[in-house]
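Here is how the chains run, residue by residue.
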Amino acid sequence: MKDKTVGVSIHVFGVLAVVAVLWAIQLVLPDFYMTMWNLMVQGDIDGLTDYIASFGYEAILVSVFMITFVNAIGFPSIPFLTVNGIIFGLVPGIIISWAGEVLGIEISFHLTRTLLRGQAKKMIERNDMLEKLDSYSCIKTIIMGRAIPYSPNVLVTAFSALSHISYKDHFIANLIGKIPAVVIEVWLGHDLLRFHEHWGRLLVLILLVVIVYGFMWWRRRHRPKLAHIECHHEADRISVTKK
């Protein structure tokens, strides 16, 4: 009971902290949210790049915050990942984007599991298909889901939150899985916007992506039973630990 109370208190404190940060930004920059929203809706990448860059050194914090925020509420973060490569350069842009993605997904995961965990357990127990799907939820599966470029983070987060995977295992899977996805998304976005300068490198990247992910798909397709056994063993380990 004490652990449960501590857990609830931490979640409440976290929500209050997020609300305080959002409110503080509104006070300091009244037009911030509206400007960001309009640029995102219009798909104005150049405008978004100029606006974030206008914050100077604070642009790093602005970018991490926006990527974290949109991921936390389930919105796509691709526009921000695209401009990061342009504003900060390829490698720094990848690191900044990865940090924002991991933070935002973790917040979304915790919120979703906190709000829907009880209902999810009942649904899984009553539905054979959902129970079978849950048996595949392990670190390797979540890493695979996170590693797919341009896939909606909210779908993998929902699946993870409704599954048996632990907070620690999800964090590890999120930490590792987002690395290849973010590298590809920032790199592709950067080179597409600068196609006349980097068309050769872009073609090489696309070829490598097709080869690597094609091999991963082929390997996964020919080892479905083994993957299921591994996830099943992990589920048993978590169950025994809890007991």
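Structure first, text after, so check above.
Residues numbered from 1 in each chain as written. Predicted model: local features only at pLDDT ≥ 70, side-chain atom pairs only at ≥ 80, totals over all residues. Heavy atoms only, no water.

Caption draft 1: Here's a closer look at the packing of helix H3 (residues 45–53) against helix H5 (residues 78–88). Contact pair H3 / H5: the axes reach a minimum separation of 10 Å and the direction vectors enclose 60 degrees. Accordingly, the angle class assigned to the pair H3 and H5 is oblique. Classified by chirality, the crossing of H5 by H3 is right-handed. Between H3 and H5, the residues in contact are Ile45, Leu48, Thr49, Ile52 and Ala53 and Pro79, Phe80, Thr82, Val83, Ile86 and Ile87, respectively. Residue composition of the contact of H3 with H5, grouped by class: nine nonpolar, two polar and no charged. (Axes fitted to C-alpha atoms, helices over the stretch in contact; angles between N-to-C directions. Helix = DSSP H or I, 4+ residues; strand = E, 2+ residues; numbered from the N terminus. Parallel < 35°, antiparallel > 145°, perpendicular 65-115°, else oblique. Left-handed = near helix turned anticlockwise from the far one by under 90°. Contact = heavy atoms within 4.5 Å. Nonpolar A, V, L, I, M, F, W, Y, C, P; charged D, E, K, R; others polar.)

Caption draft 2: Quick look at the packing of helix H8 (residues 139–146) against helix H9 (residues 153–161). Orientation of H8 relative to H9, taken along the N-to-C sense of each, is 165 degrees, at an axis distance of 10 Å. By the angle between their axes, H8 is roughly antiparallel relative to H9. Remark: the crossing between H8 and H9 carries right-handed chirality. In this structure, H8 contributes Thr141, Ile142, Gly145 and Arg146 to the contact, and H9 contributes Asn153, Val156, Thr157, Phe159 and Ser160.

Caption draft 3: Summary view of the side chain of Asn153. Mapping Asn153 onto the fold places it in helix H9. For Asn153, the side chain forms a polar contact with the side chain of Lys178, separated by 3.0 Å. Not counting residues up to four positions away in its chain, the partners in contact with Asn153 are Asn71, Ser77, Glu101, Ile105, Arg146 and Lys178. (Polar contact = N/O pair within 3.5 Å; in protein donor to acceptor, adjacent residues only side chain to side chain.)

Caption draft 4: Quick look at the packing of aromatic side chains. One pass over the structure, following the stated rule, counts nine aromatic pairs. The structure contains a cluster of three or more aromatic residues connected by ring pairs, namely Phe32, Tyr33, Tyr51, Phe55, Phe65 and Phe69. Positioned above the aromatic ring of Tyr167, the side-chain terminus of Arg113 is 5.3 Å from the ring centre. (Phe/Tyr/Trp six-rings, centres within 6.5 Å; stacked < 30°, edge-to-face > 60°. Lys NZ or Arg CZ within 6 Å of the ring centre and 35° of its normal.)

Caption draft 5: Here's a closer look at the nonpolar core. Counting residues in each nonpolar core, the largest one holds 24 residues, and the members touching the most others are Phe32, Met36, Leu48, Ile52, Met66 and Phe80. Broken down by element, the residue count for this core peaks at seven residues, all from helix H4 (residues 59–72). Each residue touching Ile52, except ones within four places of it in the same chain, is listed here: Met36, Ala59, Phe80, Val83 and Ile87. (Core = buried A, V, L, I, M, F, W, Y, C linked by side-chain atoms within 4.5 Å. Buried < 20%, exposed > 50% of the residue type's maximum accessible area, 1.4 Å probe, protein only.)

Caption draft 6: Fine view of H5. Restricting attention to buried positions, one finds in H5 the residues Phe80, Leu81, Thr82, Val83, Asn84, Gly85 and Phe88. Gly89, located one to two residues past H5, shows a positive phi value of around 95 degrees.

Caption draft 7: Geometry of unusual backbone geometry. Unusually for a residue other than glycine, Tyr150 sits at a positive phi of about 65 degrees. Here Tyr150 is to be found in the loop between H8 and H9.

Caption draft 8: How the structure looks around the pattern of salt bridges. What the rule picks out here adds up to one salt bridge. Notably, a salt bridge pairs Lys178 with Glu101, separated by 3.2 Å at the nearest N-O pair. Taken as a pair, Lys178 in helix H10 (residues 167–193) and Glu101 in helix H6 (residues 90–126) lie far apart in primary sequence, 77 residues in all. Note on accessibility: Lys178 and Glu101 belong to one class, buried. (Salt bridge = Lys/Arg side-chain N within 4 Å of Asp/Glu carboxyl O.)

Caption draft 9: Local environment of the environment of Val70. Inspection of the secondary structure puts Val70 in helix H4. When its relative accessible area of 2% is taken as the criterion, Val70 is described as buried. Sequence separation between Val70 and Ile105 is 35 residues; the distance between their C-alpha atoms is 9.3 Å. Excluding residues within four positions of it along the chain, Val70 makes contact with Met40, Phe75, Pro76, Ser77 and Phe80.

Caption draft 10: Fine view of the side chain of Thr157. Here Thr157 shows up in helix H9. You can call Thr157 buried: its relative accessible area is 2%. In terms of polar contacts, Thr157 uses its side chain to reach the backbone carbonyl oxygen of Asn153, at 2.8 Å. Residues within four places of Thr157 in sequence aside, it is in contact with Ile105, Ser108, Phe109, Thr112 and Arg146.

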